[in-house]
Amino acid sequence: MMPGTVLFDLFGVLARQQSAEGRQCLVRTAGVPAPDFWDAYWALRPPYDRGETDGPGYWQQVAARLAVTFDARQTAALIAADVASWSAVDPEMIALVEELADRGRPIGLLSNIPEELAHHYETQHAWLDRFAVRAFSCRIGRAKPEPAAYHWCRRALSDPPHRILFVDDRPENVRAAEEVGMHGHLFTTRARLRARLDRWDAGAG
């Protein structure tokens, strides 16, 4: 029987979380106090991740919430700084992805990601082509932990949920996958994920 599908999260699993240097650059570029900036940044992020607005639209919404103005040059700089802050990947995890793909393991990707960042990854990282399905929230209009995001992946992968192992670094996202019938793995290290895959393949869950 074909091995079960591994559905990966991107940030915090295959790619690094937002860098400290990138966060500092964003705050400097915005020119506002950090606590206010991050309140606005995260409060307005879900619609941006779901593709309901583009980068310039998102940053204008952030500016309005902060009661400031970002001109076109500053908006472009914020988009570039935002992409750069999320651009580092984990080479050991990318090697694991390529190993699984080479061995014939079906793999998919489910990520909460805006269009500008999705475009960056697609143009800069050829390993994304190894995924049978790339479910970017900005393209499917659904974001984790919404059940619809997992159902979309299940249909696209053409696999029943019990044959999908979802790997994410956030407990709420793993629970949501399990609630729709998938197996879940809370990612901490490459070694622990490999051990879980071995158990799963052996039928031990």
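The structure under discussion appears in the preceding block.
Residues numbered from 1 in each chain as written. Predicted model: local features only at pLDDT ≥ 70, side-chain atom pairs only at ≥ 80, totals over all residues. Heavy atoms only, no water.

1. Brief notes about the pattern of salt bridges
Let me state the cut-off plainly: The working definition used for a salt bridge is a side-chain nitrogen of Lys or Arg within 4 Å of a carboxyl oxygen of Asp or Glu. What counts as a helix is a DSSP run of H or I of at least four residues, what counts as a strand is a run of E of at least two, and both are numbered from the N terminus. Whether a residue is buried, partly exposed or exposed follows from its accessible area with a 1.4 Å probe, protein chains only, as a fraction of its type maximum: under 20%, in between, or over 50%, in that order.
Per the counting criterion, the structure on display carries 17 salt bridges. Lysine 144 is the salt-bridge partner of aspartate 9, the closest N and O atoms lying 2.7 Å from each other. Of this pair, aspartate 9 sits in the loop between strand E1 (5-8) and helix H1 (20-30) while lysine 144 sits in the loop between helix H8 (137-140) and helix H9 (147-157); the two residues are 135 residues apart in sequence, bridging distant segments of the chain. Pair check on accessibility: aspartate 9 and lysine 144 agree, each one buried. Between arginine 130 and aspartate 102 there is a salt bridge, with the nearest N and O atoms lying 2.4 Å from each other.

2. Section: the packing of aromatic side chains
Condition: Only rings of Phe, Tyr and Trp enter the pairing, Trp through its six-membered ring, and a pair is recorded when the two centres are within 6.5 Å. The plane angle decides the type: under 30 degrees is stacked, over 60 is edge-to-face, the rest tilted.
Per the stated rule, a full pass over the model turns up 16 aromatic pairs. Ring centres 5.7 Å apart and planes at 85° place the aromatic pair phenylalanine 11 and tyrosine 121 in the edge-to-face group. With phenylalanine 11 in the loop between E1 and H1 and tyrosine 121 in helix H7 (residues 115-124), the pair connects residues that are 110 residues apart, well separated along the chain. Pair check on accessibility: phenylalanine 11 and tyrosine 121 agree, each one buried. Seen from their ring centres, phenylalanine 37 and tyrosine 41 are 5.7 Å apart, and the 35° between their planes marks the pair as tilted. Of this pair, phenylalanine 37 and tyrosine 41 both sit in helix H2 (residues 34-43), four residues apart, roughly one helical turn. The two residues phenylalanine 37 and tyrosine 41 agree in class, both being buried. Members of the aromatic cluster, connected to one another through ring pairs, are Phe11, Phe37, Trp38, Tyr41, Trp42, Tyr48, Tyr58, Trp59, Phe70, Trp86 and Tyr121.

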